[in-house]
Amino acid sequence: MVTLPRARRPSAADALLAGLLALVVLAEAVTEEAVRSPALHAAVGTTVMVAIAWRRAFPLPIAALVVTGNMLLGGNGGELSVVFGLLIMAFTLGAETEGPASWWGMLVLLSFF
């Protein structure tokens, strides 16, 4: 069995947050009338939200994944839940990165707009 070093494993709080956000995405995919493809919304949205559990260990790659997920779901409708991912990543990039990495992170997030 492969185990990640302690610094690379998400905390219980981060895993819980990611799980709750994934459930919100799934609920939105099923209930939101604006969602054109519930399967796409569920697959991409859940992947993005689950990845947020590793946001502190890998802030820049997870930020890029969140932005990519938002771009994929942009025309699908019902993207409110995935916007939560952008907000969480903006906070994480400010709190967990320093120097050039923080600027790169904000550029990645702003590329969505």
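Residues numbered from 1 in each chain as written. Predicted model: local features only at pLDDT ≥ 70, side-chain atom pairs only at ≥ 80, totals over all residues. Heavy atoms only, no water.

### Some details on the overall build of the protein
- Helix and strand content of the protein: five helices and zero strands.
- Going residue by residue from the N terminus, the α and β elements of the protein occur as α-α-α-α-α.
- Within the span of the protein, comprising 113 residues, buried residues form 36% of the whole.
- In the protein, once contacts between residues fewer than 6 apart in sequence are set aside, the share between residues at least 24 apart is 71%.
- Accessible surface computed for the protein: about 6,500 Å², of which carbon and sulfur atoms make up 72%. (Helix = DSSP H or I, 4+ residues; strand = E, 2+ residues; numbered from the N terminus. Buried < 20%, exposed > 50% of the residue type's maximum accessible area, 1.4 Å probe, protein only. Contact = heavy atoms within 4.5 Å. Areas by Shrake-Rupley, 256 points an atom, 1.4 Å probe, with all protein chains shown as cover.)

### Side note on a nonpolar patch on the surface
- The grouping of Leu16, Leu20, Leu23 and Leu26 at the surface amounts to a nonpolar patch, some 380 Å² of accessible area in total.
- Along the polypeptide, Leu26 turns up in helix α1 (residues 12-31).
- Using a relative accessible area of 35% as the deciding quantity, one classes Leu26 as partly exposed. (Patch = residues over 30% accessible without salt bridge, like charges linked within 9 Å, V, L, I, M, F, W, Y side chains within 5 Å. Salt bridge = Lys/Arg side-chain N within 4 Å of Asp/Glu carboxyl O.)

### What to know about the environment of Ala42
- Positionally, Ala42 belongs in helix α2 (residues 38-51).
- Linking Ala42 and Leu23, residues 19 residues apart in sequence, is a C-alpha distance of 9.4 Å.
- Apart from the residues within four sequence positions on either side, Ala42 is in contact with Leu26 and Ala29.

### A look at the environment of Leu65
- Considering the arrangement of structural elements, one finds Leu65 in helix α3 (residues 59-73).
- Considered as a pair, Leu65 and Ile52 are 13 residues apart in the sequence and their alpha carbons are 9.2 Å apart.
- Not counting the four nearest positions on each side in its chain, Leu65 is found in contact with Thr47, Val48 and Ala51.

### Quick notes on α3
- Under the 1.5 Å per step criterion, the end-to-end length of α3 is 21 Å for 15 residues, consistent within 8% with the ideal 21 Å.
- All buried positions along α3 are accounted for by Pro59, Ile62, Ala63, Val66, Val67, Gly69, Asn70 and Leu73. Relative to the axis of α3, the buried residues are bounded by an arc of 160° and lie together on one face. Pointing more than 90 degrees away from the buried face of α3 are the exposed residues Pro61 and Leu72.
- Packing partners of the buried residues in α3 comprise α2, α4 (80-96) and α5 (100-110). (Expected span 1.5 Å × (residues − 1). Arc of directions from axis to C-beta.)

### Thoughts on the packing of α2 against α4
- α4 packs onto α2 with a crossing angle of 20° between their chain directions and a minimal axis gap of 10 Å. On the basis of the axis angle, α2 is roughly parallel to α4. Crossing angle aside, the handedness with which α2 passes α4 is left-handed. Residues His41, Gly45, Val48 and Met49 of α2 touch α4, and the partners they reach there are Ser81, Val82 and Gly85. (Axes fitted to C-alpha atoms, helices over the stretch in contact; angles between N-to-C directions. Parallel < 35°, antiparallel > 145°, perpendicular 65-115°, else oblique. Left-handed = near helix turned anticlockwise from the far one by under 90°.)

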